[in-house]
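Coordinates in review
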Amino acid sequence: MRIRHLARLALVLAVATAGLALMRPSWACGCGALITSTRSGVDVADETSIVRYDGGQEEIVMRLSVRSQARDAAWLMPTPARARVTLGESDWFDQLDRLTEPAVVRHRRWLPRLGGDRTVGAEAPRTGDGVGVLGRQRLGPFEVTTLSAGDSGALASWLTAHGYRLPGRLAEALKPYVARHWTYTAIKLAPRQGRLTGALDPLRVTFAADAPVYPIRLSRLAASPQSVHLYVLAPHRVSISGLSMLTTYAGRVTPSMVASPGLRSMVGDGAFLTEVVRHGVPPADFTDDLRLGYTADTPYREVENVDGGLVTFLGVPAYLWFIAGVLLVIVAGAAAALVSARRAARARRGAAAASPGTDGTTGENRPGSPPAVPRR
């Protein structure tokens, strides 16, 4: 992943106990940096986001599947305005993945194949240089706290005092968001049992925005190339600025094209779906957040060329019929040539029998032949 394929903001995994003093970013995804309370780190096996924008409000639904030995985590997500967080559904991604599958075109072949087969955001309320707690809620396995901050150092201090611990590089990376007076959604999570591993419940983050934006700047903290896979639902087809992306699908969708009521509500009366993908992005390429602008509503769908097998006639490959026809023509030609040669040989023998002798007489007046009877 068909994304197959696609709202990832700052991810931070933190300490669950006050005695732990060392934390490190073990992975930076499309939405930020992961930090664990152990040295085992976190490996994000799969990450895709749904981004919806209706002209004044943006929604980001992010699905992560992780592998880790950690028992707790924290997720810090910057947004241009105060966010409301709810749970999404994993099936939404499956439905969009099926909807954007490449069109399959089967090509029939006349000959057998030689070799192997190949088939911009609204401003949040200012709170001075301190940190303001805008809200708290419990959401399934997540403890969600919404914050505002006028100083990145104060934000880091607040997080540290409340069980979060940001490394210096991450606190520094948050400065551009603090300067623009963004808010932050701090999300603590823990596995229902055992270690933090497997598929996490998708989180749906909703906030006001003057223009669609996908905060991704914190991916500069990653230690390895990153992947970005987005499904964007908007009034029009979107183009991405800030990073070169590959558009793999573009087309208008209606509620009847999806099954889940939650996803239908995101589609509304209809939306233009744009799927964009980029794999193996060097961390240094994340110089700013992604800006989503409108472009012409030209539909697009990838085409997957599939080997449709050999052309057949009456169950027999057509090329064998062709070979049989060529052989038949060759045999018929050879037979005709043989018959013609035999006829020519007989004609020569007949001509030789009727030709004059060496003494000037014909076969009828040769010596020793009975005299010809004159005709009356």
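Above: the structure in question.
Note that the coordinates shown come from a computational prediction; the quantities given were computed from them, not determined experimentally.

1. Focus on the environment of Lys175
As for its position among the elements, Lys175 is in helix H4 (residues 175-179). Measuring from C-alpha to C-alpha, the distance between Lys175 and Gly153 comes to 8.8 Å, with 22 residues separating the pair along the chain. Only 3.0 Å separates the side chain of Lys175 from the side chain of Glu172, close enough to count as a polar contact.

2. Some thoughts on helix H2 (residues 152-161)
If you check which residues of H2 are buried, you get Ser152, Leu155, Ala156, Trp158 and Leu159. Projected down its long axis, H2 carries its buried residues within an arc of 160°, all on one side.

3. Observations regarding the pairing of strand E16 (residues 246-253)
Both E16 and strand E17 (residues 271-281) contribute to a ladder of 7 bridges, which runs antiparallel. Its bridge partner lying in E17, Gly251 is registered against Leu273. Pairing of E16 with strand E19 (residues 300-301) involves 2 bridges; the strand directions are antiparallel. Within the sheet, the bridge partner assigned to Tyr249 lies in E19 and is Arg301.

4. Brief notes about the pattern of salt bridges
If you walk through the whole model with that rule in mind, you get 9 salt bridges. For Glu59, the salt bridge is made with Arg204, and the minimal N-O distance between the two is 2.6 Å. For Arg204, a relative accessible area of 15% puts it in the buried group. In this structure, the salt-bridge partner of Arg217 is Asp288, at a minimum N-O distance of 2.9 Å. Separated by 71 residues along the polypeptide, Arg217 in the loop between strand E13 (213-214) and strand E14 (226-234) and Asp288 in the loop between E17 and strand E18 (290-294) bring together distant segments of the chain. By relative accessible area, which is 30% here, Asp288 ends up partly exposed. Several salt bridges share partner residues, and in doing so they unite Arg52, Asp54, Glu59 and Arg204 into one network.

5. What about a positive patch on the surface?
On the surface, a cluster of positive charge is made up of Arg342, Arg343, Arg346, Arg348 and Arg349. By the secondary structure assignment, Arg343 is in helix H6 (residues 318-353).

6. Here's the deal with the packing of aromatic side chains
Applying the stated criterion to the full structure yields 1 aromatic pair. With a centroid separation of 4.9 Å and an interplanar angle of 45°, the aromatic rings of Tyr177 and Trp182 are classed as tilted. Residue placement shows Arg217 over the ring face of Tyr177; its charged tip is 5.9 Å from the ring centre.

What counts as what
- Residues numbered from 1 in each chain as written.
- Predicted model: local features only at pLDDT ≥ 70, side-chain atom pairs only at ≥ 80, totals over all residues.
- Heavy atoms only, no water.
- Helix = DSSP H or I, 4+ residues; strand = E, 2+ residues; numbered from the N terminus.
- Polar contact = N/O pair within 3.5 Å; in protein donor to acceptor, adjacent residues only side chain to side chain.
- Buried < 20%, exposed > 50% of the residue type's maximum accessible area, 1.4 Å probe, protein only.
- Arc of directions from axis to C-beta.
- Pairing = 2+ DSSP bridges.
- Salt bridge = Lys/Arg side-chain N within 4 Å of Asp/Glu carboxyl O.
- Patch = residues over 30% accessible without salt bridge, like charges linked within 9 Å, V, L, I, M, F, W, Y side chains within 5 Å.
- Areas by Shrake-Rupley, 256 points an atom, 1.4 Å probe, with all protein chains shown as cover.
- Lys, Arg positive; Asp, Glu negative; His and termini not counted.
- Charge placed at Lys NZ, Arg CZ, Asp CG, Glu CD.
- Phe/Tyr/Trp six-rings, centres within 6.5 Å; stacked < 30°, edge-to-face > 60°.
- Lys NZ or Arg CZ within 6 Å of the ring centre and 35° of its normal.

The quantities given are spatial measurements derived from coordinates; they are silent on function.
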